[in-house]
Amino acid sequence: MKERRVPPLALALLRRFGGRFSESLEGDMLEEFAAGRSLLWCWHQGLSAALVHAKLLLRQRMVAFIAAALFFAAALWSLAPATAPVMDWARTVESLRLLIQLGWLAGVPFLLGSVAGAAERSRVGAILLGAGLAYMTPITAPFDSAVCDLCVGPGSAVIPDAVRWLTPLCSALLAGLGAWTVTRISSSHREFPA
Amino acid sequence: MEYMRRRDYLGHLELMVLLTVWRLKAEAYGISIAKEIEQQCGYSMALAGIYSALERLQDKGLIRSRRGAPTRTRGGRARTYFDLTAAGLEEAQSTFHALARLAPKAAMP
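Report on the accompanying structure.

**Some remarks on a nonpolar patch on the surface**
On the surface, Leu9(A), Leu39(A), Trp43(A) and Leu47(A) cluster together to form a nonpolar patch covering roughly 380 Å² of accessible area. As for its position among the elements, Leu47(A) is in helix H3 (residues 39-60).

Okay, here's the thing in structure tokens:
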């Protein structure tokens, strides 16, 4: 008969997100599992630890989250034509499509990095997480095309897909910059381990 | 009154955990607190939520912790036991009495 084992990932989640008493938390899980708790219960405990950690960070760093969201909104707003005359003009200018696409490709990774910076505990971890998330940016390509269609009118993408898929490196750097910026802001008013 | 203005108010979960630590005395640790809350209140709580509340209570100086001996069933990890500090006992008593005073007579058992 196969030996029952606590899922290592559930245990790792407790270790990573368990806070000051993570060792006791791990021990409690092992003790309860030995007493007959199910694998599902272990996963519930591990995922709950991650959720509790996320809620705590969200509460503690609400200002950083809002700042990142506002920055992104302002970046998008500054690229999007706000008034009707500008809209009419924009429909005739193809280069605006390029600007919006570039703004998206730069804005999304910066936002992801900023969110990672606000959520992650260590600065290096934040930069790595932000950069990792930024590698996903090309997946959001349909959305930047949609924004372009909304602002400029229907048309084909200016940035070729081949080039778009070469951008993750730049995206990762931007995300790292976003994460670094937010962790700097955070560290200026509270303890932040480097 | 001055004390009331200065102190941090306890959340619902913190209050439940504080009262449970008071109730369990020397036997209060993660699992025993979770089981007691489940038995008495009917809430099934994640251990991480309980430890998070315990951290906050410790930061407020209402409880203190001590480590037990590591055991084999816990993979060599020690239990952390909690008990009330003098401030914690005062807080638990005053909150309990305040709630009892505020509750309508019909709600009392």
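Further notes follow.
**What to know about the nonpolar core**
What tends to happen in soluble globular proteins is that the nonpolar side chains get buried as a cluster. Residues Met29(A), Val17(B), Leu18(B), Val21(B), Ile33(B), Leu54(B) and Ile63(B) are the most contacted members of the largest nonpolar core, which totals 39 residues. The biggest single contributor to this core is helix H4 (residues 47-59) of chain B, with seven residues. Contacts of Met29(A), omitting those with residues within four sequence positions, involve Val6(A), Ala10(A), Leu11(A), Leu14(A), Trp41(A), Cys42(A), Gln45(A), Gly46(A) and Leu47(B). Counting residues in hydrophobic clusters, the runner-up holds five residues, among them Ala68(A), Phe72(A), Trp104(A) and Leu111(A).

**A closer look at the packing of helix H2 (residues 22-34) of chain A against H3(A)**
Residue and element names in this part refer to chain A. The interhelical angle for the contact between H2 and H3, taken along N-to-C directions, is 165°, at an axis separation of 10 Å. With respect to each other, H2 and H3 are oriented roughly antiparallel. Handedness of the H2/H3 crossing: right-handed. Of the residues in H3, those in contact with Met29, Glu32 and Phe33 of H2 are Leu39, Trp41, Cys42, Gln45 and Gly46. Considered class by class, the residues forming the contact of H2 with H3 number five nonpolar, two polar and one charged.

**So, H2(A)**
The terminal C-alpha atoms of H2(A) lie 18 Å apart, and with 13 residues this matches the ideal 18 Å at 1.5 Å per residue to within 8%. Among the 13 residues that make up H2(A), 11 are buried, leaving the element largely enclosed by the rest of the structure. Burial in H2(A) covers these residues: Ser22(A), Ser24(A), Leu25(A), Glu26(A), Gly27(A), Asp28(A), Met29(A), Leu30(A), Glu31(A), Glu32(A) and Phe33(A). If you follow the buried residues of H2(A), they end up packed against helix H1 (8-17) and H3 of chain A together with helix H3 (30-41), H4 and strand E2 (78-84) of chain B.

**A look at the pattern of salt bridges**
Scanning the model with the defined rule gives 13 salt bridges over all chains in all. A salt bridge links Asp59(B) to Arg20(A); the shortest N-O distance between them is 2.6 Å. With Asp59(B) in helix H4 and Arg20(A) in the loop between H1 and H2, the pair connects residues from two separate chains. Accessibility expressed as a relative area gives 43% for Arg20(A), which makes it partly exposed. Of the charged contacts, one joins Arg37(A) and Glu32(A) as a salt bridge, the two residues approaching to 3.0 Å between their closest N and O atoms. Residue classification places Arg37(A) among the partly exposed residues on the basis of a relative accessible area of 29%. For Glu32(A), a relative accessible area of 7% translates into the label buried.

**A look at the interface of chain A and chain B**
Counting residues at the interface gives 22 residues for chain A, matched by 24 residues for chain B. Across the interface of chain A and chain B, roughly 2000 Å² is buried in total on both sides, 53% from carbon and sulfur atoms. The three residues of chain A that bury the most area against chain B are Arg20(A), Phe21(A) and Glu31(A), which together make up 29% of that side's buried surface. Viewed at the interface, chain B and chain A are joined by seven salt bridges. Among the ionic pairs, Lys35(B) bridges to Glu32(A), the shortest N-O distance being 3.3 Å. Counting across the interface, chain A meets chain B through 14 residue pairs in polar contact (both at pLDDT 80 or more). For the side of chain A that touches chain B, the secondary structure elements donating two or more residues are H2 and H3 of chain A. For the side of chain A that touches chain B, the element with the highest residue contribution is H2(A), accounting for 10 residues.

Rules used throughout
- Residues numbered from 1 in each chain as written.
- Chains lettered and ligands numbered in written order.
- Predicted model: local features only at pLDDT ≥ 70, side-chain atom pairs only at ≥ 80, totals over all residues.
- Heavy atoms only, no water.
- Patch = residues over 30% accessible without salt bridge, like charges linked within 9 Å, V, L, I, M, F, W, Y side chains within 5 Å.
- Areas by Shrake-Rupley, 256 points an atom, 1.4 Å probe, with all protein chains shown as cover.
- Salt bridge = Lys/Arg side-chain N within 4 Å of Asp/Glu carboxyl O.
- Helix = DSSP H or I, 4+ residues; strand = E, 2+ residues; numbered from the N terminus.
- Core = buried A, V, L, I, M, F, W, Y, C linked by side-chain atoms within 4.5 Å.
- Buried < 20%, exposed > 50% of the residue type's maximum accessible area, 1.4 Å probe, protein only.
- Contact = heavy atoms within 4.5 Å.
- Axes fitted to C-alpha atoms, helices over the stretch in contact; angles between N-to-C directions.
- Parallel < 35°, antiparallel > 145°, perpendicular 65-115°, else oblique.
- Left-handed = near helix turned anticlockwise from the far one by under 90°.
- Nonpolar A, V, L, I, M, F, W, Y, C, P; charged D, E, K, R; others polar.
- Expected span 1.5 Å × (residues − 1).
- Buried area = accessible area lost by both parts, 1.4 Å probe.
- Polar contact = N/O pair within 3.5 Å; in protein donor to acceptor, adjacent residues only side chain to side chain.

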